[in-house]
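Listed below, chain by chain, are the residues.
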2 protein chains.
Amino acid sequence: MIAGTRQPARRRRASRGSGEQLRPEIVSAAKRLLAESANADAMSIRAVADAVGVTPPSIYLHFADKSELLSAVVVDVFAELDAAMLAAADGIDSPLGRLRAFGLAYVRFAVNHPEHYRLATMDPCPKPDVAVDEVLASSAFAHFNTTVLDCMQAGIFAQGDPLPVTLELWAAAHGIASLIIVKPYLPWGEVDEAADRVLCAAALGHAAVDLLGGEPTPEIVTAWLQEQRRPAGTR
Amino acid sequence: MIAGTRQPARRRRASRGSGEQLRPEIVSAAKRLLAESANADAMSIRAVADAVGVTPPSIYLHFADKSELLSAVVVDVFAELDAAMLAAADGIDSPLGRLRAFGLAYVRFAVNHPEHYRLATMDPCPKPDVAVDEVLASSAFAHFNTTVLDCMQAGIFAQGDPLPVTLELWAAAHGIASLIIVKPYLPWGEVDEAADRVLCAAALGHAAVDLLGGEPTPEIVTAWLQEQRRPAGTR
DNA sequence: CCGCTAACTTAGCGACGATAAGTTACTGCC
DNA sequence: GGCAGTAACTTATCGTCGCTAAGTTAGCGG
């Protein structure tokens, strides 16, 4: 790193009422440092302070501690994820098509911003941070949930509370996204294809479980699959 | 923590040829410290050294650095996970039943040992550590893969390479397990039930995608579901 | 132009991972 | 028995980390 030494390019002191303008700069510098250096602990308070041309204690005028700064970054990341998902589903009308676009965009975002995604979804949340979970409950997650509800009303999923279904599908998307990030050397193949397989299987599987009704024991599932596999004429 | 101060109970020096006996003690102390204190960075080299009654530099006689010690813990964790999965499937003969038992045991293990599971599957792997991935490829994962192959031969899944299917199902299991760990305050309901829903949907969904053949576009899936939902007499 | 205070700095604490250099005590050998 | 060799472990220390107490600078209201 060239900029390892002390930065003489000190930031100009903000004018009297505008101390708050440092805050977004700190967040975006933290975000950038996280993305640039693969490991998360390269984003030290000192490095962030250097990046915005300020000394470390100034960070604490805006964030009580490091975890609060990280929470602010997570809020930013979730907003960006939400924007990416909305953009991906733009112009797609069918509920199932939107669901697929959302899922694919989710996985793509995670794979393209692995450190941001890791911070947002794999780090121990020190305390269930209110700001973070407001975003989680309000933007990307809410859009997903609404689309699941649309699928129910379109007769694709059985009617009912969309929340458990959304959580189920989210688990599928998060599963494939996070494994690709953490174990990239496993034979996943193309990211989009792997994601599509998992997401299609999750959605179709949920619908199939609905169709079966009751608890899908291995016996019931086996019998149903054998029934399905018989050619149409023999039914 | 009561034992925060210096530990006067110093460990007796090992006899001449048996310096290696310290190593497993270090690993198990590290594992215990990880489990006891929720956050992973409470397991410092210094804390581990204290726990085994030794000074920090002695750790480095057995592990090149901290990440190597953590890798050793991960190897241990994967072995324990494998044992739990095998025990859960003991006495179950049907391939799909074994698959379900494996998946449930996997999620249960993750939820019951959240810090161990987090370390094993959510931490950035500094370099694809050989030892860790040998375990990953040899024990739990291999058993899973074998059972998927059994399912193929039993006609539950379409014949083919089991590896992509195993990865797909693993993604589902990891997805629900890791989300329950990281966002425990979301309405997951009973762990076993949530896991069963996701795992059944993943397995059934994969089988259904096989049945459909080709790429499951939203249109094809929608049509198939409508076909399925018609009562038997109208076909 | 002066005092008030917002905005930021200097200096430093304790804990961390890691290393260099030293010390202890067991063991094989005569 | 005693001594050399070395395995096993320690003391002391470095640089960095998150974080804080106490000080300093500079712009604005009076």
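This one's a predicted model, so the numbers in the text were calculated from it and none came from an experiment. (Residues numbered from 1 in each chain as written. Chains lettered and ligands numbered in written order. Predicted model: local features only at pLDDT ≥ 70, side-chain atom pairs only at ≥ 80, totals over all residues. Heavy atoms only, no water.)

Participant: Before we move on, can you summarise the environment of Gly-214 of chain A with the specific residues and values?
Facilitator: Residues and elements named next belong to chain A. Relative to the helices and strands, Gly-214 is located in the loop between helix H10 (191-212) and helix H11 (218-229). When its relative accessible area of 65% is taken as the criterion, Gly-214 is described as exposed. For the pair Gly-214 and Ala-202, spaced 12 residues apart in the sequence, the C-alpha separation amounts to 18 Å. (Helix = DSSP H or I, 4+ residues; strand = E, 2+ residues; numbered from the N terminus. Buried < 20%, exposed > 50% of the residue type's maximum accessible area, 1.4 Å probe, protein only.)

Participant: Explain the pattern of salt bridges residue by residue, including any values.
Facilitator: A side chain of one charge can pair with a side chain of the opposite charge when the charged atoms of the two come close. Inspection of the entire model under this criterion finds 14 salt bridges over all chains. Residues Lys-31 of chain A and Glu-80 of chain A are paired through a salt bridge, measuring 2.7 Å at the closest nitrogen-oxygen approach. Highlighted residues: Lys-31 of chain A in helix H1 (residues 22-36) and Glu-80 of chain A in helix H4 (residues 66-89), separated in sequence by 49 residues. You can call Glu-80 of chain A partly exposed: its relative accessible area is 30%. Between Glu-168 of chain B and Arg-197 of chain A there is a salt bridge whose closest N-O contact spans 3.5 Å. (Salt bridge = Lys/Arg side-chain N within 4 Å of Asp/Glu carboxyl O.)

Participant: Tell me about the domain arrangement of chain A, residues and numbers included.
Facilitator: Residues and elements named next belong to chain A. Assigned domains of chain A: these are domain 1 (12-63) and domain 2 (72-229). Here the C-alpha centre of domain 2 lies 33 Å away from the C-alpha centre of domain 1. Listed by partner, the interface residues are 10 residues for domain 1 and eight residues for domain 2. Buried surface at the junction of domain 1 and domain 2, both sides included, amounts to about 720 Å², of which 70% is carbon and sulfur. (Domains from an automatic or database assignment. Contact = heavy atoms within 4.5 Å. Buried area = accessible area lost by both parts, 1.4 Å probe.)

Participant: Requested: an account of the side chain of His-206 of chain B, with residues and values cited.
Facilitator: As for its placement among the helices and strands, His-206 of chain B is situated in helix H10 (residues 191-212). Overall, His-206 of chain B belongs to the buried group, its relative accessible area being 9%. Among the polar contacts listed, one links the side chain of His-206 of chain B to the side chain of Glu-168 of chain B, at a separation of 3.1 Å. Filtering out sequence-adjacent residues up to four positions away, His-206 of chain B remains in contact with Ala-201 of chain A together with Phe-157, Val-165, Glu-168 and Ala-201 of chain B. (Polar contact = N/O pair within 3.5 Å; in protein donor to acceptor, adjacent residues only side chain to side chain.)

Participant: So what's going on with the packing of aromatic side chains? Residues and values would help.
Facilitator: Residues and elements named next belong to chain B. Per the counting criterion, the structure on display carries seven aromatic pairs over all chains. With a centroid separation of 5.4 Å and 70 degrees between ring planes, the pair formed by Phe-141 and Trp-170 is classed as edge-to-face. Here Phe-141 is found in helix H8 (residues 140-153), whereas its partner Trp-170 is found in helix H9 (residues 162-182), with 29 residues between them in sequence. In terms of burial, Phe-141 and Trp-170 fall into one category: buried. (Phe/Tyr/Trp six-rings, centres within 6.5 Å; stacked < 30°, edge-to-face > 60°.)

Participant: Give me the lowdown on the interface of chain A and chain B, citing residues and values where you can.
Facilitator: On the chain B side, the residues contacting the 57 residues of chain A number 57 residues. Summed over the three residues of chain A that lose the most area to chain B, namely Leu-179, Leu-204 and Leu-211 of chain A, the buried surface amounts to 11% of that side. Linking chain A with chain B are two salt bridges, by the criterion used here. Viewed at the interface, chain B and chain A are joined by eight residue pairs in polar contact (both at pLDDT 80 or more). Taken together, the elements giving at least two residues each to the side of chain A that touches chain B come down to helix H5 (95-112), helix H6 (114-122), helix H7 (130-138), helix H9 (162-182), H10 and H11 of chain A.

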